[in-house]
Amino acid sequence: MNITDVRVRKIAKEGKMKAVVSITLENEFVVHDIKVIEGEKGLFIAMPSKKTGNGEYRDVAHPINSATREKIQTMILEAYEKALLEPEDSEIVDTI
């Protein structure tokens, strides 16, 4: 599985969420609404989720293993770091 496109939309307001990202896999499948979050130990990603009837959040799409999660997170955070260098009103597209 190759990530062939990363699109970063920076969040301008204050808070823990820093960006919303879409990734394209193999130029064939897109995952939207991956969040870049500032946590106590640094940046991490949160996969798209929805609120269940009992108030908990459940991932809608997610990697099956930790190696794949790490690969996705690394690529997204690298694209986010590049986005920080761009003007505030631009969407960053990082085609791999």
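Higher on the page you've got the structure.
Asks: For this particular structure, what's the right way to read the overall build of the chain?
Replies: Helix and strand counts for the chain come out as 1 helix and 7 strands. When the helices and strands of the chain are read in sequence order from the N terminus, they spell out β-β-β-β-β-β-α-β. By the compact-globule yardstick of 12 Å for 96 residues, the chain fits well, its C-alpha radius of gyration being 13 Å. Here the C-alpha coordinates of the chain stretch approximately 40 × 35 × 25 Å along the principal axes. Taking all 96 residues of the chain together, the buried fraction comes to 32%. At a minimum sequence separation of 6, the contacts of the chain that also span at least 24 residues come to 35%.

Asks: Just checking my understanding: could you explain the pairing of strand β1 (residues 3-10) for this structure?
Replies: Put simply, side chains in a regular strand alternate between the two faces of the sheet. A large share of β1 lies buried, amounting to 6 of its 8 residues. Inspection of the sheet shows β1 paired to strand β2 (residues 17-25) by 7 bridges, in the antiparallel sense. Residue pairing in the sheet places D5 in a bridge with T24 of β2. Joining the antiparallel neighbours β1 and β2 is a turn of 6 residues, in which G15 adopts a positive phi near 145°.

Asks: Would you mind going over the environment of P63 with me for this structure?
Replies: Within the secondary structure, P63 is located in the loop between β6 (57-59) and α1 (66-83). Of the residues examined, P63 reaches a relative accessible area of 15% and is grouped as buried. Residues P63 and M47, spaced 16 residues apart in sequence, show a C-alpha to C-alpha distance of 8.8 Å. Not counting residues within four places of it along the chain, the set of residues in contact with P63 comprises M47, T68, R69 and I72.

Asks: Help me understand the nonpolar core, please; the structure alone is not making it clear to me.
Replies: Note that soluble globular proteins tend to have their nonpolar side chains buried in a common cluster. Among the nonpolar cores identified, the biggest contains 19 residues, and V8, V21, I23, I34 and I76 are the most heavily contacted of them. Elements supplying a minimum of two residues to this core: β1, β2, β3 (29-39) and α1. Of all the elements, α1 adds the most residues to this core, at 7 residues. Once residues within four sequence positions are removed from consideration, I34 is found in contact with A19, V20, V21, I23, I45, A46, M47, P48 and I76.

Asks: I would appreciate a short explanation of the environment of V36 in the present structure.
Replies: Here V36 is to be found in strand β3. With sequence-adjacent residues up to four places away left out, V36 is seen in contact with K16, M17, K18, A19, V21, L43, F44, I76, L77 and Y80.

Asks: Help me understand the side chain of T24 in this model?
Replies: With respect to the element layout, T24 can be found in strand β2. In this structure, T24 is in contact with N2, I3, T4, D5, F29 and V30, ignoring residues within four places of it in sequence.

Criteria and cut-off values
- Residues numbered from 1 in each chain as written.
- Predicted model: local features only at pLDDT ≥ 70, side-chain atom pairs only at ≥ 80, totals over all residues.
- Heavy atoms only, no water.
- Helix = DSSP H or I, 4+ residues; strand = E, 2+ residues; numbered from the N terminus.
- Rg over C-alpha atoms; globule rule 2.2 N^0.38 Å.
- Buried < 20%, exposed > 50% of the residue type's maximum accessible area, 1.4 Å probe, protein only.
- Contact = heavy atoms within 4.5 Å.
- Pairing = 2+ DSSP bridges.
- Core = buried A, V, L, I, M, F, W, Y, C linked by side-chain atoms within 4.5 Å.

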